[in-house]
Amino acid sequence: MSRIGKLPVTVPAGVEVSVSASNLVTVKGPKGTLSEQISPMIKVEVKDGQVVLALASDDKEANAQWGLARSLVNNMVNGVTNGYEKKLEMLGVGYKAEKKGNTLVMQLGYSHPVEMPDPEGITTTVTSPTEITVSGASKELVGNYAANIRAWRKPEPYKGKGIRYVGEYVRRKEGKTGK
């Protein structure tokens, strides 16, 4: 029995949830439209302003999918109402970012600037030359794009240089010592 799966997802005012016959859940709200294909082992119903998920079959795999499906639907509802954001900070000499139209341009110590166009549904803002905010309705896309930005220069443990999430702890190591 999934403790998360049996909790209903409340649908706030202004959000519309629809379920197709093939278990495709579509959520429309003020921040956009998201859709997710839910496993056929889970029954999804919209009742009285709540999305209720139940098991269609009684096997172990269906029970494992139940909590996942509920979390996916809850993330979609939260995404179209509030949205998600990740903040990144850049540490290093000469590391800076700027926004040129729909493209994020970063100077990361390479011989060339790194240019990353914003994917559909994702917006990046540069609050200061060393801080980037990635925001959007889909939790998955926001996290993935922030991880792609971070992958250009992961924080290194000796000097702490690189791109990291705001609040991320980077364990520092001691360098070589002389005799």
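Residues numbered from 1 in each chain as written. Predicted model: local features only at pLDDT ≥ 70, side-chain atom pairs only at ≥ 80, totals over all residues. Heavy atoms only, no water.

Some thoughts on the pattern of salt bridges
For the record, the criterion: By definition, a salt bridge exists where a carboxyl oxygen of Asp or Glu is found within 4 Å of a side-chain nitrogen of Lys or Arg. Classification of residues uses two cut-offs on accessible area relative to the type maximum, computed with a 1.4 Å probe and protein chains only: under 20% is buried, over 50% is exposed, and between them is partly exposed.
Taken as a whole, this structure holds 5 salt bridges when the rule is applied. Here Lys87 ties to Glu85 by a salt bridge, and the two come within 3.9 Å at their closest N and O atoms. By relative accessible area, Lys87 is classed as partly exposed at 42%. One salt bridge in this structure joins Lys100 and Glu98, with 4.0 Å as the shortest N-O distance. When its relative accessible area of 39% is taken as the criterion, Glu98 is described as partly exposed.

Section: the pairing of strand S4 (residues 32-37)
This is how the line gets drawn: Two strands are counted as paired when DSSP detects at least two bridges linking them. Runs of E in the DSSP output that reach at least two residues are strands. Runs of H or I that reach at least four are helices, and both are numbered from the N terminus.
Of the pairings in the sheet, the one linking strand S3 (residues 24-29) to S4 comprises 6 bridges and is antiparallel in character. Among the inter-strand pairings, Val27 is bridged to a residue of S4, identified as Leu34. Between S3 and the antiparallel strand that follows it, S4, lie 2 residues.

Things to note about helix H1 (residues 60-81)
In plain terms, the rule: By definition here, a helix of n residues has an expected span of 1.5 Å times n minus one.
Across its 22 residues, H1 extends 33 Å between first and last C-alpha, which sits within 8% of the 32 Å expected from 1.5 Å per residue. Here H1 has its buried residues at Ala62, Trp66, Gly67, Ala69, Arg70, Val73, Met76, Val77, Gly79 and Val80. One or two positions beyond H1, positive phi appears at Gly83, with a value near 85 degrees.

Regarding the packing of aromatic side chains
Within a pair of aromatic rings, the relevant descriptors are the distance that separates the centres and the angle that separates the planes. Note the cut-off: Note on aromatic pairs: the rings of Phe, Tyr and Trp (six-membered ring only in Trp) are paired at centre separations within 6.5 Å, and the planes decide the class, stacked below 30 degrees, edge-to-face beyond 60, tilted for the rest. Throughout this description, the term charge over a ring refers to an Arg CZ or Lys NZ atom that lies within 6 Å of the ring centre and within 35 degrees of the ring normal.
Tallying each qualifying case throughout the model produces 1 aromatic pair. Relative to Trp152, the ring of Tyr110 has its centre 6.2 Å away and its plane inclined at 75 degrees; by these criteria the two rings are edge-to-face. Within this pair, whereas Tyr110 is found in the loop between strand S9 (103-107) and strand S10 (114-117), its partner Trp152 is found in the loop between helix H2 (139-150) and strand S13 (162-165), the two being separated by 42 residues in sequence. Across the ring face of Tyr165, the terminal group of Lys86 is positioned such that the distance to the ring centre comes to 5.2 Å. Positioned above the aromatic ring of Tyr110 is the side chain of Arg153, whose terminal nitrogen or guanidinium carbon lies 4.2 Å from the ring centre.

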